[in-house]
Structure formats: C-alpha cells, structure tokens
Amino acid sequence: MSTDIGVWIAAFLTLGILSFLYKDNPFYKVSESIFIGVSAAYWFVYMIYNVIEPNLLGNLQKGEWWYAVAGILGVMMLFRLIPKIGWLSRWAVAFMIGTGAGLNFIVYLQSNVMKQIRGTLAPLNSIGNIMMIVGVITGLIYFFFSAEHKGLLGGAAKVGIWFIMVSFGASFGYTVMARISLLIGRMHFLFSDWLGLLH
Amino acid sequence: MRREIPLFITAITGVVFIIAYFIPHPPFNQIQDLFQTWFQIIAAFAIILGVLNLMVVNGDKVYRRSKGWGYSVIIILSFLVMAGIGTFKLGSKASPLEEGTPFMYLFYNVYYPLTSTVFALLAFFVASASFRAFRARNKEAALLLTAAFFVMLGRVPIGDYLTSWIPLKWLHLSTIANWIMAYPNMAAQRAIMIGIALGIISTSLRLILGIERSYLGGD
C-alpha cells in the first residue's frame, strides 16, 4: 500500500467520483465541488502564466505599447460583471467574434473544404476509393435541404444516411473504447499505485 | 454607439484576416499576427471572467445560505487554495507550471485523477445507454450497431485473437475495423466536415457584414 499522501488524496477523490455509480451522495458531491474549484484555479493560473505574463506584460515591458489595447479590451471584458457598464464588454466580444469569423472563414475554407475535396478525389481503382466518392457525395446530398428528398435525390440521401449511420457507429465504438481505456487507467491506479496489489 | 462600434470592430478584424490570406505581405500579415496575439490575451481575460463569475455565483449562494451552500464553500476554498499557490508561486521560483512545484503536485494528485475519473465514469453511462439504444429496429440502426461492434472488437487484442485462425488477413477484426474507419466512416465524416465548414463560412460572412448581430445581445 502506498505511503505517499498525494496518492491517498487521488485515491479518495477517484473513489468519490466512482461512488456516483451507486447514487448521488455527499462523498461524490464533495469530490465534484473540489473538481470544479481546482479546474477553475488551474485554468486561471495557466492563463496568467502562459498567456497574460508573456504576451501582455512581457511585450509591454519591451515597450511595445500597442499590446496595451488588448489589455484594455481584456479588462473591458470583465466589465460584464458590473451591470451598469456591462455593455462595454461588447467591444471585446466584438473583437473576439471578428477575429474568430475572419480566421474560421480562411481555416475552414482551406482545411475542411478544399483539402477534404482534394482528399476525396482519388483514382477509382479500389472499392474503398469508390465508396469514398459515393459516401461524400450522397452524404452531402443528405444535408441539402433546399429541395425535397424525393426520387433520385431521395435515393441518394438514403444512401447518404447509411454512410452517416456507419460513421456514427464507428465514432460511438471509438468513444466507448477511449472511455474504457480511461477506466482501466483509474482501476490500475487504485489497484497498483494505491493498494499495491498489481505489479 | 453601443452597437455601431462593436459592429465596426467585428467587420475590421474579420476583413483583416481575409485580406491577409490573399495578400500575405506587410502590413496585413503583421496586423494578422498582432490580432492573433490580442485574441489570445482577450481569451485569457474571458477565462478569468468565467472564473470570477463562478466565484460570484457561489459566493452569493453561501451569503444567502441557499440549498447546498456547503458545496459552494468547498468550490471557493479549493479554488482559493490552488489559485493562491499558483498565482503567488508558493514553493516555486520561476513558473508554477514547471514540474516539481506545489501547484503541479496538486495538478497530478487532485486535478488529473478527478478529470480522468469523471470521463471514465462516462463509460458506464455509455454502456447503459447503448444497451437501451442498440436494437436493430431498422436498416439504419443495424448499420450503426454493426459498425460499432466491429470497431469496438477490432480495437482490442481479443478481437484479433478471435479471428487470428482465419488465413485471409482482410477478414481479421482489426483489419475490418481499420477499413471501416478509413473508408465508410471517413466518407461520412468528410461530408459532415464539408457541410459544417460551408455553414461556418456563411455564418462568418454574415458576422463580418453585420447581418448576424445576436452576439450583441439586447438593448
């Protein structure tokens, strides 16, 4: 059995969260509350030392005063907590939205439209490649709602939904396996690191 | 003033990014880099806003002695302990995010086990949900069920063990799982990705042109 206090804390918190499998109980709620508090604290400190210190304070110390604009906009974002001047936070939100829109417009056009179409246009020399072209085209037809899914369009949309269902099934299986592997990790921690039963 | 300036800011920042893509030369690429750093800084403040809001909401619950206020005390205390150790660099000289600091000790012994256990807990709920949902009631549901079955079994050693005696390698469960992931799954994912991208592009244009204004809220 471990003699490290950190391992004991981790073990109790792990058991606290797992106790929800029995029912909602105070042990779970305490662990959950600690989780909320430390998560907020971790990201708070992470943002201060990984973003604000190097990108804002570091640049201001170098005399690059134009970074102060970002600092001012950032502080304006916090005005949301004061109802009387809360509207000022819109300036910061507008900057975020504008940057996001401009960036997404380019990034999605490049990577999610152009590159995906290029990747789909492979020679039709294997069942896989034929399936790829048919799947992408019929899948897109399924998402085309400007015309009623009838006749040829309806048939293509039907094939599209088959591909989409296979994809959802595969994604589901993949997610389940990822969660199971996390569970195995926690069980290994409890039985090996904490109790020392596995070697 | 309350709506015009934000609309102007959105339009200018959005247009700068689009121009910088087609003209990747000074001053546009420099302005783009600057705006990206500003974006990170403001996003950091947005996280801080979220954290402060969490404290205000829970502080209010404690003040009013609302139902479950004791748990709010735990949230505030656990935040103050971890944030205090990190912000004031207790026990660390340079950054609290370096290995071996008390902040990282809390990260590895409190934050990490809690995060992974919460996600591991979902395995049970996903299993119970699939037990209820996985019924081959029609062709589409049967396809979903079959794909999930092959991917789940094909991703674990027992899947290959069950089919290892088959001389034809393409009939092995792991090969089938990989094929499903690489072709039918990828085809549908691409269709979904292209559809989402077209939606995002049109929404971005609506935002930049000031047609979409819901982010400004009321008044």
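Scoring rules and cut-offs
Residues numbered from 1 in each chain as written. Chains lettered and ligands numbered in written order. Predicted model: local features only at pLDDT ≥ 70, side-chain atom pairs only at ≥ 80, totals over all residues. Heavy atoms only, no water. Helix = DSSP H or I, 4+ residues; strand = E, 2+ residues; numbered from the N terminus. Buried < 20%, exposed > 50% of the residue type's maximum accessible area, 1.4 Å probe, protein only. Contact = heavy atoms within 4.5 Å. Polar contact = N/O pair within 3.5 Å; in protein donor to acceptor, adjacent residues only side chain to side chain.

### Points about the overall build of chain A
And then number 1: The helix and strand tally for chain A stands at six helices and zero strands.
And then number 2: Listed by position from the N terminus, the elements making up chain A come as α-α-α-α-α-α.
And then number 3: Judged by the C-alpha coordinates and their principal axes, chain A covers about 65 × 60 × 35 Å.
And then number 4: Evaluated residue by residue, chain A yields a buried proportion of 45% over its 199 residues.

### Some thoughts on the environment of A:Leu88
Residue and element names in this part refer to chain A.
And then number 1: By secondary structure assignment, the location of Leu88 is in the loop between α3 (67-78) and α4 (89-120).
And then number 2: Leu88 sits in the buried class, given a relative accessible area of 17%.
And then number 3: Separated by 10 residues in the primary sequence, Leu88 and Leu78 place their C-alpha atoms 9.2 Å from one another.
And then number 4: What Leu88 contacts, discounting residues up to four positions off in sequence, is Met76 and Phe79.

### Some remarks on unusual backbone geometry
All names here are of chain B.
And then number 1: Put simply, Pro26 and Pro27 share a cis peptide bond, and its omega is 5°.
And then number 2: Residue placement: Pro27 occurs in the loop between α1 (4-22) and α2 (28-63).
And then number 3: Although it is not a glycine, Arg65 sits at a positive phi angle of roughly 55°.
And then number 4: Positive phi, close to 50°, is recorded for Lys89, a residue that is not glycine.
And then number 5: With respect to the secondary-structure elements, Lys89 resides in the loop between α3 (69-87) and α4 (102-133).

### Quick word on the side chain of A:Gln116
And then number 1: By secondary structure assignment, the location of A:Gln116 is in helix α4.
And then number 2: At a separation of 2.8 Å, a polar atom in the side chain of A:Gln116 contacts the side chain of B:Arg190.
And then number 3: Non-local contacts of A:Gln116, meaning those with residues more than four positions away in its chain, are made with A:Ser111, B:Arg190, B:Met193 and B:Ile194.

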